[in-house]
Amino acid sequence: MPDEPIPIKRAETASAVRGYDLPDWADAPDDDRPDTDDTWQNDAISDLGTPPVKHDDASSVDDSGGPFHRLEICRVECSYCDTTTLRRHHEGCDAPIVRLGDEWQCGECGIEIPPPRRCHHCGAPVTRTATEVPADLRLEARPADIERAIHAETNDRRTSHGLNPLAYSDHLQAIALQHSRDMAQRDFFSHATPGGDEAIDRYRRFDHADQSCGENLARVYPDCSASPEAAAREVVDGWMESPGHRENLLRERFEREGIGVYLEGDGAVYATQNFY
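Overview of the structure.

Within the protein, the regular secondary structure consists of six helices and 12 strands. Across the 276 residues in the protein, those meeting the buried criterion constitute 52%.

What the rule picks out here adds up to two aromatic pairs. Here the aromatic rings of F254 and F275 are separated by 4.9 Å at their centres, their planes lie at 10°, and the arrangement is stacked. Taken as a pair, F254 in the loop between α6 (243-249) and β11 (256-263) and F275 in strand β12 (residues 269-275) lie far apart in primary sequence, 21 residues in all. What makes F275 buried here is its relative accessible area of 0%.

This next bit is on the environment of R186. Here R186 shows up in helix α3 (residues 170-186). When neighbours within four sequence positions are excluded, R186 is seen to be in contact with T193 and P194. There is a polar contact of 2.7 Å between the side chain of R186 and the side chain of D182.

Analysis parameters
Residues numbered from 1 in each chain as written. Predicted model: local features only at pLDDT ≥ 70, side-chain atom pairs only at ≥ 80, totals over all residues. Heavy atoms only, no water. Helix = DSSP H or I, 4+ residues; strand = E, 2+ residues; numbered from the N terminus. Buried < 20%, exposed > 50% of the residue type's maximum accessible area, 1.4 Å probe, protein only. Phe/Tyr/Trp six-rings, centres within 6.5 Å; stacked < 30°, edge-to-face > 60°. Contact = heavy atoms within 4.5 Å. Polar contact = N/O pair within 3.5 Å; in protein donor to acceptor, adjacent residues only side chain to side chain.

Shape is all these values report; function is a separate question.
Spelled out as structure tokens, the structure:
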């Protein structure tokens, strides 16, 4: 089985945001998420077997075998001329053809593409089998670059509304990154951890004043080739389109913010935005 992961461009799927403010909670309920698009990628990526390996460092992942999902691609073998073809690509998209159920589809656009029945070298009939390979869905951009881009995008929105830009706080960034990492590694998406800790508990654990704290959360699935700026716009656009998160982002009394971004092996970008 090939060891090198194949890149798969993933269309936007489930994106979600959460807003939080003390003493008044943001007004988006926990189950208020945008509808998930019914794309072929959702079917392909769900229940693929080996789950992604959790990684501790938000800026790095294990390239040796870890944070990948697995997809089935076509292995074409000709016994007459002894040739084997792997990872046959859809020429229009330069993407591998993957198997979903009983169908073979382009790994990018999803169009059905039956594999060849005859060898392209000698024309003899071929044997077609499904071969499992790792699929790399991670965003290419670095977390630190996305954090800076979200901060710049946030301040652009604030200044366009006549508000002062927010200063950046490394202390708040540490609080935010810890929560983004925790959500990804323990597979939850909420201000409250499985143990019941809230944002105010995280502020206190990091010895940060909690008289005026706020928190926005986002989980988006940009294309793996998206720039830091494009990923940041997707995150901030989601916050601006939801009243609770917009209220946090445009709250006049906030003076500083920190952004924590964590990239998960399934292509998810977890972003936490903490204010003071």
